[in-house]
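Structural features, examined
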Amino acid sequence: MSKWHISGFADEMSPELGIQLRELNRLGVGYMEPRTVDGCNISDLSQEQLAQMKSALAAAGVKVSSIGSPLGKISVEEDLGPHMEKLKRTLEIQKELDAPYVRMFSFYIPNGREPGEFRGQVLDRLGQMAEEAAKWDGILLHENEKGIYGDTAPRCLDLMEQLGSPHFRAVFDFANFVEVGQDTSEAFRLMRPYIRYIHIKDAETLPEGKKRIVPAGQGEGHVAEILQELHTGGWEGFLSLEPHLVDFSGLAALEQDPQKREAKLEPVEAWELALSSLRDILTQIGVQEA
């Protein structure tokens, strides 16, 4: 039977690590994808903070599925030097937390410019980052994110075909593809050989054309169908919840142009809704959590 583990961005429940771990325990989730820890970005933790986090994780019995880093979430025209230092520190943190992966991005494209203009720069930068990851025996996972070079499936595929290696693979994010008008079924067909990790959130198109994040299975992401195909094909790995159903602490620092969401749920309630929606889909397709 395929081994599927549920993980998630617990900072959407609270910026405080203690509360994150308490709620994960209550919800029966044994992994997390740390992004904000007690108000600090995971890539910026000091050694003292990292030691405290390791102790808290061990006490709670929670493991780390991937480092939810901000790597590559800068303009393609920004100086890469400081970012490479952040990469090295993040890879160090990855090893300390015994995390198998580091989530990252492929650089924001300047407004009004075509992504293709920057293809060479993006490939060069990501190539340097993948080489550094190889030195640490780390695995970088590229996330399709709106506004970056790799936001559509063809450009994500281009990155994988040019740079794909045991140290550079893909995250598949349903909602992010929907938000840029990319059909997720087509994206899955193109990206399937490179998908190592799944982000679970869905999105729908409102009558005025805007996109809205919704629980898995309630949008246009074909979440159940794609997970069914993965299950049938014997895929194994992590399903990481990134609910985005309410505004949460730290969002402004993570999004280039965040739009305030109408919060009808408390953060923990929103996380629970996202989790129950995913578990309903897993039951539907016959997958048992590992």
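Going by the structure above, here's the rest.
Here's what I pulled together on the structure shown here. (Residues numbered from 1 in each chain as written. Predicted model: local features only at pLDDT ≥ 70, side-chain atom pairs only at ≥ 80, totals over all residues. Heavy atoms only, no water.)

Looking only at helices and strands, one finds ten helices and twelve strands in the protein. Its C-alpha radius of gyration of 18 Å places the protein within 12% of the 19 Å reference for a compact globule of 290 residues. Counting the 290 residues in the protein, one finds 58% classified as buried. Accessible surface computed for the protein: about 12,400 Å², of which carbon and sulfur atoms make up 46%. A distance of 2 Å separates the average location of the 30 positive side-chain charges in the protein from that of its 47 negative side-chain charges. (Helix = DSSP H or I, 4+ residues; strand = E, 2+ residues; numbered from the N terminus. Rg over C-alpha atoms; globule rule 2.2 N^0.38 Å. Buried < 20%, exposed > 50% of the residue type's maximum accessible area, 1.4 Å probe, protein only. Areas by Shrake-Rupley, 256 points an atom, 1.4 Å probe, with all protein chains shown as cover. Lys, Arg positive; Asp, Glu negative; His and termini not counted. Charge placed at Lys NZ, Arg CZ, Asp CG, Glu CD.)

Following the criterion strictly, the structure yields seven aromatic pairs and no others. Taking the centre distance of 5.6 Å and the plane angle of 85° together, the rings of Trp 4 and Trp 235 count as edge-to-face. Note that Trp 4 is positioned in strand 1 (residues 4-8) and Trp 235 in the loop between helix 8 (223-232) and strand 12 (237-241), a separation of 231 residues in sequence. For Trp 4, a relative accessible area of 1% gives the class buried. (Phe/Tyr/Trp six-rings, centres within 6.5 Å; stacked < 30°, edge-to-face > 60°.)

Attention now goes to the packing of helix 8 against helix 10 (residues 267-285). For the pair helix 8 and helix 10, interaxial distance at closest approach is 10 Å and the crossing angle is 50°. Classified by the angle their axes make, helix 8 and helix 10 are oblique. Note on packing geometry: the crossing formed by helix 8 with helix 10 is right-handed. Taken together, the residues of helix 10 that come into contact with helix 8 (itself represented by Val 223, Ala 224, Leu 227, Gln 228 and His 231) are Leu 278, Ile 281, Leu 282, Gln 284 and Ile 285. (Axes fitted to C-alpha atoms, helices over the stretch in contact; angles between N-to-C directions. Parallel < 35°, antiparallel > 145°, perpendicular 65-115°, else oblique. Left-handed = near helix turned anticlockwise from the far one by under 90°. Contact = heavy atoms within 4.5 Å.)

With that out of the way, let us pick up the sheet that holds strand 8 (residues 168-173). In sheet architecture, strand pairing relies on hydrogen bonds along the backbone and comes in two forms, parallel and antiparallel. Pairing in this open sheet of six strands is parallel, and the strands run 1-12-9-8-7-6 from one edge to the other. The open sheet is flanked by strand 1 and strand 6 (102-104), the only strands paired with a single partner. Taking each pair of neighbouring strands and ignoring which way they run, the sheet shows an average axis angle of 30°. As paired strands, strand 7 (residues 140-143) and strand 8 are joined by four bridges and run parallel to one another. The residue bridging Leu 141 from the neighbouring strand is Arg 169, located in strand 8. In this fold helix 4 (residues 119-135) packs onto strand 6, strand 7 and strand 8, with an angle of close to 150° to the strand it touches most, strand 7. (Pairing = 2+ DSSP bridges.)

On to the pattern of salt bridges, then. Taken as a whole and assessed by the stated rule, the structure comprises 22 salt bridges. Among the salt bridges present, the one from Arg 22 reaches Glu 23, with a minimum N-O distance of 3.0 Å. The shortest N-O distance in the salt bridge between Glu 85 and Lys 88 comes to 3.4 Å. Of this pair, Glu 85 and Lys 88 both sit in helix 3 (residues 81-96), three residues apart, which is roughly one turn of the helix. (Salt bridge = Lys/Arg side-chain N within 4 Å of Asp/Glu carboxyl O.)

Within the span of helix 5 (residues 153-163), buried status applies to Ala 153, Cys 156, Leu 157, Asp 158, Leu 159, Met 160 and Leu 163. Packing partners of the buried residues in helix 5 comprise helix 4, strand 7, strand 8, helix 6 (174-179) and helix 7 (184-191).

Let us now look at unusual backbone geometry. The backbone of Asp 98 shows a phi angle near 55°, a positive value even though the residue is not glycine. Counting through the fold element by element, Asp 98 comes out in the loop between helix 3 and strand 6. Not every positive phi belongs to a glycine, and Asp 137 is a case in point at roughly 55°. Among the secondary structure elements, Asp 137 is positioned in the loop between helix 4 and strand 7.

Following the sequence through the fold, Lys 211 ends up in strand 11 (residues 211-214). On the accessibility criterion, Lys 211 (32% relative accessible area) is partly exposed. Residues Lys 211 and Met 13, 198 residues apart in the sequence, show an inter-C-alpha distance of 22 Å. Look past the residues within four positions of Lys 211 in its chain and what remains in contact with it is Val 178, Glu 179, Glu 204 and Thr 205. Here Thr 205 takes part through its side chain, which lies 2.7 Å from a polar atom of the side chain of Lys 211. (Polar contact = N/O pair within 3.5 Å; in protein donor to acceptor, adjacent residues only side chain to side chain.)

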